[in-house]
Amino acid sequence: MTTLTPVLTANWDQADSFTLSGYGEYSAAKKALGMEPDAIIKAVKDSGLRGRGGAGFPTGMKWGFIPQGDGKPHYLVVNADESEPGTCKDIPLMMANPHSLVEGAIITAYAIRANHAFIYVRGEVLHVIRRVQAAVREAYEKGYLGTNIFGSGYDLELVVHSGAGAYICGEETALLDSLEGYRGQPRLKPPFPAVAGLYASPTVVNNVESIASVPSIIGNGADWFAAMGTEKSKGFGIFSLSGHVTRPGQYEAPLGITLRELLDMAGGIRAGHRLKFWTPGGSSTPIFTDEHLDVPLDFESVGAKGSMLGTRALQIFDETTCVVRTVLRWTEFYAHESCGKCTPCREGTYWLKQVLKRLEKGQGTEDDLSTITDIADNILGRSFCAFGDGATSPIHSSVKYFRDEYLKHFEIGGCPFDRAASTVWGASA
Ligand SMILES: Cc1cc2nc3c(=O)[nH]c(=O)nc-3n(C[C@H](O)[C@H](O)[C@H](O)COP(=O)(O)O)c2cc1C
Ligand code: SF4
């Protein structure tokens, strides 16, 4: 299964891919607005689409949780906060193909009976915000947004909202607080957003890629989508290869493809080097090594091997990379981004950073290794939101696979990968 399945990425090399003329008419939205909302929800359920934001929750099922006839306004919120280290699919998608997202938002909002939708974009990416705003403006001008869309009597207002650059605002309930104008911190669940989300009303929060996949499902049918991928992880997804790879980039492929197959298409690890470790889905997913090259990249298979598919952010590291230094960098990110609401994460990430700094400099002891795993054990499953669990993934997995490398640091009293060191430790092993 080495074939790519370009759908969302199909027109990225077209000069005008981000304009309405490059994208085409919103034929799937037109079709959808002629359908019953429940029939759209059923089609998305039947397609097997699972959330592309990391957790893989079935999208149609999530829409089905929105209460009907409750007399409350309903909202759709698109999560475009993409800030996970290594994750880099939604931003290029919004740059190259923003209309798939806008069209998907129309179909989704109609299905869940919402007349207001928001796209919450990560604050640092001003060029992306402008690109999505331009697409929304074009859609309004064409009558695809606003009142009486396609003469169906359906109205939708779509607002592009800029975040302020906090990773935690990608967590769906922190995002909702931020959108409401509060400091972005996670809310206690339940109630889940489907019951009490934005302004305490029923709300669907979905990832950019999830929503952008919807027009193709409505246009081509649920069976078309379900025919791709694996039994429980259906369809296609964008796999982002970055790091020490010959041709890094976005590879849209059926779920269940392996890293080996993706690397074949990407020209392999950079010349003269070999794979050391990689993340299947961003820094919050436990690392894998070269023994996992043939693990099918679907939710179940990756989970069975002790990691998570996450956002398919495949960060590739070759043998010249110090795993301790990499874990330290990620941990510095988590310590900086912890929102501070709960003690295990706020204090734990701070202390992990301190101890890892010592270990990386070769000034640690074997006790420090026990300390970082002990701290991570006290964060995992004891934090208020999934951020805390994510912060422990690099720690536990790196100690599991690369304990010797940690030990080597304090054996030689420094980092064996420093340029100053006479040899790069492990490079010739
Ligand atoms: C710390 C943290 C950061 C997150 N960041 C994002 C993000 O940037 N984009 C995203 O879609 N989901 C992110 N999520 C997951 C969301 O909470 C939520 O599960 C997702 O938006 C649901 O969309 P989906 O069902 O379409 O995947 C994050 C979760 C956590 C715990
Ligand atoms: S786990 Fe971290 S990010 Fe999540 S609520 Fe606690 S302090 Fe905030």
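Residues numbered from 1 in each chain as written. Chains lettered and ligands numbered in written order. Predicted model: local features only at pLDDT ≥ 70, side-chain atom pairs only at ≥ 80, totals over all residues. Heavy atoms only, no water.

J.: So what exactly am I meant to see when it comes to the overall build of the protein chain here?
T.: A count of helical and extended segments in the protein chain gives 16 helices and 9 strands. In summary, the protein chain has a C-alpha radius of gyration of 22 Å against a globular reference of 22 Å for 429 residues, a match within 12%. A principal-axis box enclosing the C-alpha atoms of the protein chain has dimensions of 75 × 45 × 35 Å. When the accessible surface of the protein chain is summed, it comes to about 17,200 Å², and 52% of that surface belongs to carbon and sulfur atoms. Across the protein chain, the mean location of the 40 positive side-chain charges is 2 Å away from that of the 48 negative side-chain charges. (Helix = DSSP H or I, 4+ residues; strand = E, 2+ residues; numbered from the N terminus. Rg over C-alpha atoms; globule rule 2.2 N^0.38 Å. Areas by Shrake-Rupley, 256 points an atom, 1.4 Å probe, with all protein chains shown as cover. Lys, Arg positive; Asp, Glu negative; His and termini not counted. Charge placed at Lys NZ, Arg CZ, Asp CG, Glu CD.)

J.: Got a minute to help me understand empty space enclosed by the protein in this structure?
T.: The rolling of a water-molecule-sized probe over the atoms marks out the regions of remaining empty space. Scanning the entire structure with this criterion turns up 1 cavity of 30 Å³ or more. As for the largest cavity, its lining consists of 14 residues, of which Cys-339, Cys-342, Cys-345, Phe-384 and Cys-385 are closest to the centre. Broken down by secondary-structure element, the contributors of at least two residues to the lining of the largest cavity are helix 14 (343–360) and helix 16 (386–412). (1 Å grid on protein atoms, 1.4 Å probe; cavity = no way out; pocket = protein on both sides within 12 Å on 5 of 7 lines; lining within 4 Å. Points joined across faces, edges and corners; volume = space filled by probe spheres on them.)

J.: How should the site of ligand 2 be read in this particular structure?
T.: By nearness alone, 13 residues border ligand 2, and Cys-339, Lys-341, Cys-342, Cys-345 and Cys-385 come closest of all. A majority-of-atoms criterion places ligand 2 in the largest cavity. In terms of residue class, the shell around ligand 2 is built from 8 nonpolar, 4 polar and 1 charged. (Near = heavy atom within 4 Å. Sits in = over half its atoms within 2 Å of the grid points. Nonpolar A, V, L, I, M, F, W, Y, C, P; charged D, E, K, R; others polar.)

J.: Even after reading the chapter, I still don't get the sheet that holds strand 2 (residues 116–121), so can you show me in this structure?
T.: Pairing between the strands of a sheet comes from backbone hydrogen bonds, and it takes one of two forms, parallel or antiparallel. Spatially, 4 strands are ordered 3-2-1-4 in an open sheet, and the strand pairing comes out parallel. Each end of this open sheet is capped by a strand with a single partner; those strands are strand 3 (157–162) and strand 4 (203–207). Averaged over neighbouring strand pairs, the angle between their axes works out to 20 degrees when direction is ignored. Strand direction decides the pairing type here: strand 2 and strand 3, joined by 6 bridges, are parallel. The partner of Phe-118 across the bridge, within strand 3, is Val-159. The sheet contacts of helix 6 (residues 98–111) involve strand 1 (75–80), strand 2 and strand 3, and relative to strand 1 the element is tilted by about 150 degrees. (Pairing = 2+ DSSP bridges. Axes fitted to C-alpha atoms, helices over the stretch in contact; angles between N-to-C directions. Contact = heavy atoms within 4.5 Å.)

J.: What is the right way to look at the sheet that holds strand 6 (residues 249–254) in this model?
T.: Overall, mixed pairing links the 5 strands, which are arranged 6-5-9-7-8 in an open sheet. The strands lining the two open edges of the sheet, one partner per strand, are strand 6 and strand 8 (288–289). Where strand 5 (residues 236–243) and strand 6 come together, 6 bridges link them in antiparallel fashion. Within the sheet, the bridge partner assigned to Ile-238 lies in strand 6 and is Glu-252.

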